[in-house]
Amino acid sequence: MALRGVWQLQKLIVSYSDWGGSSRGIRAFMESHLPAFREQNPQLEVVTELIRGQHPHLKGFYRNKNERVICVKNLDPEEVLHHATRLRNALGRKVLKLKTRHVTKHPSVQGTWTTDVKF
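Here the structure is a predicted model, which is why all the values come from computation and not from measurement.

Caption draft 1: A look at the pattern of salt bridges. Within this structure, the stated rule accounts for one salt bridge. Here D18 ties to R52 by a salt bridge, and the two come within 2.9 Å at their closest N and O atoms. Here R52 lies in the loop between β4 (45-50) and β5 (57-62) and D18 lies in the loop between β3 (9-16) and α1 (24-32), a separation of 34 residues in the sequence. Exposure remark for D18: the relative accessible area of 37% places this residue in the partly exposed category.

Here is the structure:
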């Protein structure tokens, strides 16, 4: 996703094994979908990396120095494309756990409504 018109994903590393069976889907992705994905995203540096004996994964490096790794073992080429697109569309921010389910700028003076209210 672009933040203020600037794409946040800088580099995408596609790691695979040329021998392992769990890399079958990502090898098919590299033959069929990866060239079109590169053409559609000229702002993105896409690197393929051969790692034998390990499961395949996608690694994204963002402008804010964060990185995300997604394991794509035993996935179809379309699912690998979906994960690569999700990495491209992400902002690269860390996921923060909310303290409460209800977030507001002006909290209620009387307290948050719950189903346990007794009259």
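Caption draft 2: The side chain of S15, seen in detail. Checked against the element boundaries, S15 lands in strand β3. Among the residues examined, S15 registers a relative accessible area of 1% and is labelled buried. A polar side-chain atom of S15 sits 2.8 Å from a polar atom in the side chain of E49. Excluding anything up to four places from it in sequence, S15 contacts I26, E49, I51, P56 and H57.

Caption draft 3: Representation of the sheet that holds β4 in the model. Pairing is mixed in the open sheet, where four strands are placed in the order β4-β3-β5-β6. With one partner strand each, in any of the chains shown, β4 and β6 (67-71) form the two edges of the open sheet. For this sheet, the mean angle separating the axes of adjacent strands, direction not counted, is 15°. Looking at chain direction, β5 and β6 are connected through five bridges and run antiparallel. Counted as the bridge partner of H57 is C71 from β6.

Caption draft 4: Looking closely at the nonpolar core. Counting residues in each nonpolar core, the largest one holds 18 residues, and the members touching the most others are L12, I26 and L58. Elements with a minimum of two residues in this core: β3, α1, α2 (34-40), β5 and α3 (77-89). Here the element with the most residues in this core is β3; it accounts for four residues. Other than its neighbours up to four places away in sequence, L58 contacts L12, I13, V14, I26, R68, V69, I70, V72, V80, H83, A84 and L87.

Caption draft 5: Just α3, in detail. Counted at 1.5 Å a residue, the expected span for α3 with its 13 residues is 18 Å, and the 18 Å between its end C-alpha atoms agrees. Taken residue by residue, α3 has P77, V80, A84, L87 and R88 as its buried positions. Angularly, the buried residues of α3 cover 100° about the axis, an arc narrow enough to put them on a single face. Turned more than 90 degrees from where α3 packs its buried face, E78 and R86 sit exposed. Here the buried face of α3 lies against β2 (6-7), β3, α1, α2, β5 and β6.

How each quantity is defined
Residues numbered from 1 in each chain as written. Predicted model: local features only at pLDDT ≥ 70, side-chain atom pairs only at ≥ 80, totals over all residues. Heavy atoms only, no water. Salt bridge = Lys/Arg side-chain N within 4 Å of Asp/Glu carboxyl O. Helix = DSSP H or I, 4+ residues; strand = E, 2+ residues; numbered from the N terminus. Buried < 20%, exposed > 50% of the residue type's maximum accessible area, 1.4 Å probe, protein only. Polar contact = N/O pair within 3.5 Å; in protein donor to acceptor, adjacent residues only side chain to side chain. Contact = heavy atoms within 4.5 Å. Pairing = 2+ DSSP bridges. Axes fitted to C-alpha atoms, helices over the stretch in contact; angles between N-to-C directions. Core = buried A, V, L, I, M, F, W, Y, C linked by side-chain atoms within 4.5 Å. Expected span 1.5 Å × (residues − 1). Arc of directions from axis to C-beta.

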